[in-house]
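Geometric and topological summary
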Amino acid sequence: MNTDFLTDLRAHARAYADLLRPTALDRDRNPDLAVSSPGCGLPWRTFAGLPAEYNPEPLRVDGRPVLLHSCVERVVVLEELARVDAGAVLALPGPSMSSSVIGDLADDDQRQRFWERITAEPTWTFFAMTEPTHGSDPSGMRTTVRRDGDGFLLNGTKRYIGNAARSRIGIVFARRGAGPLGMVAVLVDTDLPGFTAAPLSTRGVRALQLSELRMAEVPVTEDDILGRHRSATRQGMWAATRTFNRYRPVVSCLALGVAQAAYDLVVTERRGYRVAERHLLTDWEQRLTGTRALVLAAARSADANPGDGTLAAAAKLRATRLAEEITTTAVRLLGPGARWEHPILDKLLRDARAFEFMEGTGNVQRLTLAEGYLQRRLPDVRAA
Ligand SMILES: Cc1cc2nc3c(=O)[nH]c(=O)nc-3n(C[C@H](O)[C@H](O)[C@H](O)COP(=O)(O)OP(=O)(O)OC[C@H]3O[C@@H](n4cnc5c(N)ncnc54)[C@H](O)[C@@H]3O)c2cc1C
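Residues numbered from 1 in each chain as written. Predicted model: local features only at pLDDT ≥ 70, side-chain atom pairs only at ≥ 80, totals over all residues. Heavy atoms only, no water.

**Some words on the environment of T291**
- As for its position among the elements, T291 is in helix α9 (residues 275-304).
- Judged by relative accessible area, which is 1%, T291 ranks as buried.
- Taking the C-alpha atoms as reference points, T291 and A314, separated by 23 residues in sequence, lie 9.7 Å from one another.
- Every residue in contact with T291, bar those within four places of it in the chain, is listed here: L256, R318, A319 and L322.
- From its side chain, T291 meets the backbone oxygen of R287 in a polar contact 2.7 Å long. (Helix = DSSP H or I, 4+ residues; strand = E, 2+ residues; numbered from the N terminus. Buried < 20%, exposed > 50% of the residue type's maximum accessible area, 1.4 Å probe, protein only. Contact = heavy atoms within 4.5 Å. Polar contact = N/O pair within 3.5 Å; in protein donor to acceptor, adjacent residues only side chain to side chain.)

Structure follows, in structure tokens:
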């Protein structure tokens, strides 16, 4: 994908992003609006990353359909949307992170079941890894799927799961045996007995509606176990790692969109700068550009090899830090009462805090980055 194409793609996305603007604050106040208006003003199928056969209205750039299947396409388009409302991007109906697991693990029947289910009408999905007492560390996972006659029973609690209370189908990671190879991904319909999901009260990216899932003896079958035809080394843990590596550049682009939006607001609203403030703005401009290049390099790396998350970790660290820094300092630059006078700044400030936690905190990214460095996996970013 050459630079001209990506520039055109960005311009198209920017035009669509304007559709999110009138309702961004309403969605922040009332996340249920993301359901009563699926797509939040956007044609949701266009941005959901659906397979070609299920997507009658793809984004078109220079006459060419753009299906948002590659990480590179996603980071360019979603950054522009996040510049208006990161919450809306995360609240779009569609496969979201589940598509990566389905692509890596599902057999033909499971794939057909998943895509037919979620494309017939606006349908949300979830990716449930994190648990209340063990976080997202898979080694402490307590959710289990155990044999019961011809089928299985699913038991456990998941917390901080995006869109789950509004989803009709999703992926639950559960333990079938000990150790990393004992973790499997289960495709779960939310209308099964014993399955409940409730929204949590949150402050950032509220439209995403983080939820808690409870599963008490939920009956599932062999057909629901993703990757059942694969070896144990190519099941739940393997697919989850590849999903994180593919979606950390996406989280990075959302953080970058929020950082850019806060910068834009300062430049629009502030009248006159001290010398030190001018230097600060120049520094931000350079770091926004540099971070954008790093996010793109991470996306290219994820497309080429989703098994390597080194650059994705670097991009997430840098973009998250920039979003926190610019939103916080923007409040100071726009003076006392800035959060009241500019409700969108108040939202940006709260949204920026979410990215630290999504798909692993900064310390976990530092560990991944250090491991990649020690194993000489850091490519020359200038060439990417
Ligand atoms: C907006 C949002 C959306 C989310 N969506 C989802 C979702 O859809 N599905 C899902 O499953 N989860 C989701 N989560 C949960 C998120 O993935 C986890 O909260 C995140 O991965 C952090 O994991 P944790 O809570 O286990 O914290 P931990 O990883 O336990 O971290 C706790 C603290 O310990 C530090 N720490 C941890 N390990 C180390 C270490 N080895 N060395 C040094 N310090 C360490 C961390 O930096 C942090 O400060 C979401 C969270 C948010 C905020």
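From this point, the discussion proceeds with the structure in view.
**Digging into the site of the ligand**
- In the vicinity of the ligand there are 21 residues, among which F127, M129, T130, S136 and T361 approach most closely.
- Within the backbone of S136, a nitrogen or oxygen atom sits 2.7 Å from an oxygen atom of the ligand.
- Within the contact set of the ligand, an oxygen atom lies 3.4 Å away from a backbone nitrogen or oxygen of F357.
- Starting from 960 Å² of accessible surface for the ligand in isolation, the protein chains cover 65%. (Near = heavy atom within 4 Å. Areas by Shrake-Rupley, 256 points an atom, 1.4 Å probe, with all protein chains shown as cover.)

**A closer look at the UniProt feature "domain: Acyl-CoA dehydrogenase/oxidase C-terminal" (unreviewed entry) in the protein chain**
- UniProt records the feature "domain: Acyl-CoA dehydrogenase/oxidase C-terminal" (unreviewed entry) at residues 235-373, using the numbering of this structure.
- Split by type, residues 235-373 is 83% helix and 0% strand. Its first and last C-alpha atoms lie 26 Å apart. (UniProt positions renumbered as here; feature names shortened; annotations may be inferred.)

**Thoughts on the pairing of strand β7 (residues 183-189)**
- Among the seven residues in β7, seven count as buried, and that is most of the element.
- Judged by which residues are buried, β7 turns out to be covered on both faces: M183, A185, L187 and D189 on one side and V184, V186 and V188 on the other are all buried.
- In this sheet, strand β10 (residues 225-226) lies alongside β7 in antiparallel orientation, the contact comprising two bridges. Counterpart to V186 in the pairing with β10 is I225. (Pairing = 2+ DSSP bridges.)

**Some details on the packing of aromatic side chains**
- Taken as a whole and judged by the stated rule, the model has five aromatic pairs.
- What links up through ring pairs into an aromatic cluster is the set F127, F173 and F244. (Phe/Tyr/Trp six-rings, centres within 6.5 Å; stacked < 30°, edge-to-face > 60°.)

**A word on the environment of S139**
- Assignment of secondary structure puts S139 in the loop between β3 (124-128) and β4 (144-148).
- With a relative accessible area of 62%, S139 lands in the exposed category.
- Taking the C-alpha atoms as reference points, S139 and P180, separated by 41 residues in sequence, lie 6.8 Å from one another.
- A polar atom in the side chain of S139 sits 2.9 Å from the side chain of D137.

**What to know about the domain arrangement of the protein chain**
- Taken as a whole, the protein chain is organised into domain 1 (3-98), domain 2 (123-231) and domain 3 (236-383).
- Averaged C-alpha coordinates put domain 2 and domain 3 at centres separated by 29 Å.
- Counting from both sides, the interface comprises 13 residues of domain 2 and, opposite them, ten residues of domain 3.
- Both faces considered, domain 2 and domain 3 share a buried interface measuring about 950 Å² in area, 74% of it formed by carbon and sulfur atoms.
- When residues of domain 2 are sorted by the area they lose upon contact with domain 3, F127, R203 and V205 head the list and together hold 42% of the total.
- Where domain 2 packs against domain 3, one counts zero salt bridges.
- At the boundary of domain 2 with domain 3, the tally comes to three residue pairs in polar contact (both at pLDDT 80 or more).
- Counting residues per element, the side of domain 2 that touches domain 3 draws most heavily on β7, which supplies three residues.
- A class-by-class count of the residues in the side of domain 2 that touches domain 3 yields nine nonpolar, one polar and three charged. (Domains from an automatic or database assignment. Buried area = accessible area lost by both parts, 1.4 Å probe. Salt bridge = Lys/Arg side-chain N within 4 Å of Asp/Glu carboxyl O. Nonpolar A, V, L, I, M, F, W, Y, C, P; charged D, E, K, R; others polar.)

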